[in-house]
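What follows is the residue order along each chain.
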Amino acid sequence: MMSRATDIIGRAVEDKADSLQELSGKIWSHPELCFQEKFAHDTLTEFLEKNGFEVERKYKVDTAFKAVFRQGSGGANIGLICEYDALPDIGHACGHNLIAESGAAAAIGLRAALEASPATSGTVTLFGTPAEEGGGGKIHLINAGAFADIDVCLMVHPAAMNMLAPGCLSCIDGHAVFTGKAAHASAAPWDGINALDAVINAYTALSTLRQQIHTDWRVMAVITEGGVKPNIIPERAALEFDLRTPTDKELAVLKGKLAAIMKAAALATGCEVELKFTIEDRVSDYSNMIANKQLLERYHHHWLSFGPADSTLTPDRFWASTDMGNVSLEVPSIHPTFIIGTAAEVHTRDFVETTNQPKAHAATRCVSKAMAAVGWDVLTDSALLKEIKESFQQQLVTLQVMIV
Ligand SMILES: [Zn+2]
Ligand SMILES: [Zn+2]
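Residues numbered from 1 in each chain as written. Chains lettered and ligands numbered in written order. Predicted model: local features only at pLDDT ≥ 70, side-chain atom pairs only at ≥ 80, totals over all residues. Heavy atoms only, no water.

1. Observations concerning the coordination of the zinc ion (ligand 2)
Thinking step 1. Those donors, Cys 94 (SG), His 96 (NE2) and His 157 (NE2), are the protein atoms that reach the zinc ion (ligand 2), and they lie 2.1 to 2.3 Å from it.
Thinking step 2. Spacing between the donor residues of the zinc ion (ligand 2) along their common chain follows C-x1-H-x60-H.
Thinking step 3. Distance-wise, the zinc ion (ligand 1) is placed 3.2 Å from the zinc ion (ligand 2), both being coordinated by Cys 94. Remark: His 157 occurs in strand 6 (residues 157-159) and Cys 94 occurs in the loop between strand 3 (77-82) and helix 4 (96-115); sequence separation between them is 63 residues. Considered together, Cys 94 and His 157 belong to a single accessibility category, that of buried residues. (Donors = N, O, S within 2.8 Å, 3.2 Å for Na, K, Ca; no water. Helix = DSSP H or I, 4+ residues; strand = E, 2+ residues; numbered from the N terminus. Buried < 20%, exposed > 50% of the residue type's maximum accessible area, 1.4 Å probe, protein only.)

2. Points about the sheet that holds strand 1 (residues 54-56)
Whenever strands of a sheet pair, they do so through backbone hydrogen bonds, lying parallel or antiparallel.
Thinking step 1. Taken in spatial order, the six strands of this open sheet run 1-2-4-3-5-13, and their pairing is mixed. The two strands at the open ends of the sheet, each matched to only one other strand, are strand 1 and strand 13 (333-334).
Thinking step 2. In the sheet, strand 3 pairs with strand 4 (residues 122-128) via six bridges, with the strands oriented parallel. Of the residues in strand 4, the one forming a bridge with Ile 81 is Phe 127. (Pairing = 2+ DSSP bridges.)

3. A short note on the side chain of Ser 170
Thinking step 1. Among the structural elements, Ser 170 can be located in strand 8 (residues 170-179).
Thinking step 2. Looking at Ser 170, the relative accessible area reads 0%, which means it is buried.
Thinking step 3. There is a polar contact of 2.5 Å between the side chain of Ser 170 and the side chain of Asp 248.
Thinking step 4. If sequence neighbours within four positions are ignored, Ser 170 has contacts with Leu 243, Arg 244, Thr 245, Pro 246, Thr 247, Asp 248, Leu 251, Ser 284, Tyr 286, Ser 287 and Asn 288. (Polar contact = N/O pair within 3.5 Å; in protein donor to acceptor, adjacent residues only side chain to side chain. Contact = heavy atoms within 4.5 Å.)

4. Digging into the coordination of the zinc ion (ligand 1)
Thinking step 1. Within the first shell, the zinc ion (ligand 1) binds the protein through Cys 94 (SG), Glu 133 (OE) and His 347 (NE2), at distances of 2.0 to 2.2 Å.
Thinking step 2. Sequence spacing of the donor residues for the zinc ion (ligand 1), all on one chain, is C-x38-E-x213-H.

5. Looking at the packing of helix 2 (residues 17-29) against helix 4
Thinking step 1. Look at helix 2 against helix 4: their axes get within 8 Å of each other, and the N-to-C directions meet at 150°. One way to sum up the angle between helix 2 and helix 4 is to call them roughly antiparallel. At the point where helix 2 passes helix 4, the crossing takes the right-handed sense. Of helix 4, the residues touching helix 2 (which contributes Leu 20, Gln 21, Leu 23, Ser 24, Ile 27 and Trp 28) are Asn 97, Leu 98, Ala 100, Glu 101, Ala 104 and Ala 105. (Axes fitted to C-alpha atoms, helices over the stretch in contact; angles between N-to-C directions. Parallel < 35°, antiparallel > 145°, perpendicular 65-115°, else oblique. Left-handed = near helix turned anticlockwise from the far one by under 90°.)

6. Overview of helix 6 (residues 195-209)
Turn by turn, an α-helix covers 3.6 residues, leaving residues three or four places apart pointing in a common direction.
Thinking step 1. Between its first and last C-alpha, helix 6 extends 21 Å over 15 residues, near the 21 Å set by a 1.5 Å rise per residue.
Thinking step 2. Listed as buried for helix 6 are Ala 195, Ala 198, Val 199, Ala 202, Leu 206 and Leu 209. All buried residues of helix 6 project into a common sector of 95° when viewed along the axis, lining one side.
Thinking step 3. One side-chain oxygen at the N-terminal end of helix 6 lies 2.9 Å from the backbone nitrogen of Leu 196; it belongs to Asn 194. (Expected span 1.5 Å × (residues − 1). Arc of directions from axis to C-beta.)

Function cannot be inferred from these measures alone, as they are strictly geometric.
So this is what it looks like as structure tokens:
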């Protein structure tokens, strides 16, 4: 049975269904890469301003924004997330146009519930977070203090299945460049030092390493340079890698193994190697996600009550990596995935086609209402917020990212 607040949220989001779908469709038709999301930034901020939010454009990052609705003084501050960057060549194959739509819809729903209850104090803060596909937009915002006054943070991600707490792995990427010595490969091969051999040794050793690592660790690599002509001993060869593990602690171990392999490949062939991680001063690019139990329970309850077209839950398993993981170490957060009507997974061409279909927008409205309803619970139940914060602290201790 719906409460009055959830009823108001449901109606507020449905009233805006057409304009939300149009908003999302515009972003879908105009895919932009990491940190170049000018069109999405302008379209979203204009939409939110029109809908009565106080908008700060270019918030700490050129293509980020913050949209706020505040009522009364004090009360909790509910963080919501819009993502809107796309992928090279295949556009919105991660469905971030739907994440933009979900953030805007949830903010509108929660705001409507607040306005219908003038005695309730609280804040809705919707962040526009660019560059999820590799740029770590949320990390820039965290470092600039954007989440300091946020009590909880909610976002959802479209996918092939409904998972409440998909495992989001801690990850880092980087590259190794091997330098040898060019020589005529027929006239004087003994004068050369073969950088391609070094990179092949490294790739093979990474592949065999997979046999002796935990099943939920990931080692990915592609060879990006391997010489230019068969009759020249390659003097330069390179590979790019991507390492992922359930926690930063494990990632540090895996990074050590990778470094040893790169050194060994260089030593075996007489090459020099330059090993570079994208972010040198951190263990990971993206941290693992810790989902808050109480927020998830409330989300699941509300989502079911709003009647999703497909409510089949898939047991949580490791899925991908996200900079929402970094946010989840700052404030209690959730990042459930939701079905949009295709069996295809994210980053595929089938998925991109579905992300602008009416069934995907309907599924997005349903999860948006659930997020708004969770926000409402937090705003109106201080005991719940206390419990959420306590379990968050416990999770941090378990993760050993904080010493108490
Ligand atoms: Zn993606
Ligand atoms: Zn994504």
